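Breakdown of the fold
Residues per chain are reported as follows:
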Amino acid sequence: MSLEPDHYEQYAADSRSGIISKLKKHLDKNRFEHCVRVEATARELAAANGADQTIAGLAGLVHDYAKQRDVAEFQGLIRRFQLDPELLKYSRAIWHGYVGYLLVQQELGINDIRILNAVKYHTIAAPVMSVYDKIVYMADYLEPNRSFAGVEMARAKTQASLDEGVVFQNQQTMTFLIERGQAIYPAALEAYNALVPKS
Ligand SMILES: [Fe+2]
Ligand SMILES: [Fe+2]
């Protein structure tokens, strides 16, 4: 599959190489390499689903930009932006997307709502998801280094239908959290209720 050139500077303060330097500053090697794989997978999913590969690729590349920030930095952002105080009861697993998109906006100069929302919702999904939200959500789950039980089924479902893939991942994630007795952030539960097929 041939991929379009990036031209990320259309949507960001930097070109791809500038963004990569910033990612490397804030992420360890494993996390950085995961981001590059999610970028490539997002571009493939965009090509397969008639979406813009530049927007999808850039969103994939920066989706975990905030993953390794200090807890105190997230707490500060939640207070400064007067976000839902309930968020303070959760952890970086929720914050790095749902709050971290603000750092993508401020530090990488990305203001395109399609990219910011795809970063915001990449962990918890959303009741209404754009094609870019779905692509980054699935690219994060399916990038080539993912090897969990069921990954091949998830890949096959996503290839057949991006929407089917989203529902599959969402159900798997909710089951995983409940089996481990973990709390579910209310916005994630709203996403689940909206996404699962109703009988
Ligand atoms: Fe993430
Ligand atoms: Fe990720």
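Quantities reported herein were computed from a predicted structural model and do not represent experimental measurements.

How each quantity is defined
- Residues numbered from 1 in each chain as written.
- Chains lettered and ligands numbered in written order.
- Predicted model: local features only at pLDDT ≥ 70, side-chain atom pairs only at ≥ 80, totals over all residues.
- Heavy atoms only, no water.
- Phe/Tyr/Trp six-rings, centres within 6.5 Å; stacked < 30°, edge-to-face > 60°.
- Helix = DSSP H or I, 4+ residues; strand = E, 2+ residues; numbered from the N terminus.
- Buried < 20%, exposed > 50% of the residue type's maximum accessible area, 1.4 Å probe, protein only.
- Lys NZ or Arg CZ within 6 Å of the ring centre and 35° of its normal.
- Core = buried A, V, L, I, M, F, W, Y, C linked by side-chain atoms within 4.5 Å.
- Contact = heavy atoms within 4.5 Å.
- UniProt positions renumbered as here; feature names shortened; annotations may be inferred.
- Donors = N, O, S within 2.8 Å, 3.2 Å for Na, K, Ca; no water.
- Tetrahedral: all angles 85-135°; square planar, octahedral: opposite > 155°, others 65-115°.

**A short note on the packing of aromatic side chains**
Evaluation of the coordinates by the stated rule reveals 5 aromatic pairs. Both rings, one in Y90 and one in Y185, keep their centres 5.2 Å apart while their planes meet at 80°; by these two values the pair is edge-to-face. With Y90 in the loop between helix 4 (71-80) and helix 5 (92-98) and Y185 in the loop between helix 10 (162-179) and helix 11 (186-195), the pair connects residues that are 95 residues apart, well separated along the chain. You can call Y90 buried: its relative accessible area is 15%. Y185 gets classed as buried once you look at its relative accessible area, which sits at 3%. Geometrically, the ring pair formed by Y98 and Y121 is tilted, given 6.4 Å between the ring centres and 55° between the ring planes. In this pair, Y98 is assigned in helix 5 and Y121 in the loop between helix 7 (113-120) and helix 8 (131-142), connecting sequence segments 23 residues apart. The pair Y98 / Y121 is uniform in exposure class, with both members buried. Just above the ring of Y65 sits the side chain of R69; from NZ or CZ to the centre is 5.0 Å. For the cation-ring pair, R180 lies above F176, with the distance from its terminal atom to the ring centre recorded as 3.7 Å.

**Overview of the nonpolar core**
Of all hydrophobic cores here, the largest spans 67 residues; its most connected members are L58, V62 and I110. Residue contacts for I110: discarding those within four places in its chain leaves Y11, A12, L58, V62, V104, Q105, I115 and L116.

**Remarks on the UniProt feature "domain: HD" (unreviewed entry) in the protein**
Under the present numbering, the feature "domain: HD" (unreviewed entry) in UniProt falls on residues 31-145. Measuring from the first to the last C-alpha atom of residues 31-145 gives 12 Å, for a span that is 63% helix and 0% strand.

**Focus: the coordination of the iron ion (ligand 2)**
Note on the iron ion (ligand 2): its protein donors are H34 (NE2), H63 (NE2), D64 (OD) and D140 (OD). The metal-donor distances range over 2.2 to 2.3 Å. With 4 donor atoms in place around the iron ion (ligand 2) and angles of 81 to 174° between them, the coordination shape is irregular. Counting along the primary sequence, the residues that act as donors to the iron ion (ligand 2) give the motif H-x28-H-D-x75-D. Between the iron ion (ligand 2) and the iron ion (ligand 1), a separation of 3.4 Å is found, and both are coordinated by D64. Here H34 is found in helix 2 (residues 29-48), whereas its partner D140 is found in helix 8, with 106 residues between them in sequence. For the residue pair H34 and D140, the accessibility class agrees, reading buried in each case.

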